[in-house]
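Next come the chains, spelled out residue by residue.
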Amino acid sequence: MRKLNCPQCKINRFRVRNKNGDSIVVTVNENLEVVPIYPEMSLEGYDLEVLYCLGCSWQGSPEKLTNKH
């Protein structure tokens, strides 16, 4: 399954945060599913509607990502 990329810098790794400010690294697949890069990590309690790009200052929803390289 293809991973979606940041519309600004074109990398495919993002952070999501919880209410405590903790974050984990995720990718987003072509079905707009947010997936942790380490499968054993749980996304419970994390805000999956706001992604923070690891490569630049972009932040936004999974729907705003692009599949262009």
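Residues numbered from 1 in each chain as written. Predicted model: local features only at pLDDT ≥ 70, side-chain atom pairs only at ≥ 80, totals over all residues. Heavy atoms only, no water.

(A) Expanded view of the packing of aromatic side chains. Counting across every chain of the model gives one aromatic pair. Ring geometry for Phe14 and Trp58: centres 6.1 Å apart, planes at 65°, overall edge-to-face. Here Trp58 lies in the loop between strand 4 (51-53) and strand 5 (59-60) and Phe14 lies in strand 1 (residues 14-17), a separation of 44 residues in the sequence. Pair check on accessibility: Phe14 and Trp58 agree, each one buried. Arg17 extends its terminal NZ or CZ atom over the ring of Tyr52, reaching a point 4.2 Å from the ring centre. (Phe/Tyr/Trp six-rings, centres within 6.5 Å; stacked < 30°, edge-to-face > 60°. Helix = DSSP H or I, 4+ residues; strand = E, 2+ residues; numbered from the N terminus. Buried < 20%, exposed > 50% of the residue type's maximum accessible area, 1.4 Å probe, protein only. Lys NZ or Arg CZ within 6 Å of the ring centre and 35° of its normal.)

(B) Molecular detail of the sheet that holds strand 2 (residues 23-28). The sheet built from five strands is open, its strands ordered 3-2-1-4-5 with antiparallel pairing. On the outer flanks of this sheet lie strand 3 (34-36) and strand 5, each paired with one strand and no other. In this sheet, strand 4 lies alongside strand 1 in antiparallel orientation, the contact comprising two bridges. In the sheet register, Arg15 faces strand 4, and the bridge partner there is Tyr52. (Pairing = 2+ DSSP bridges.)

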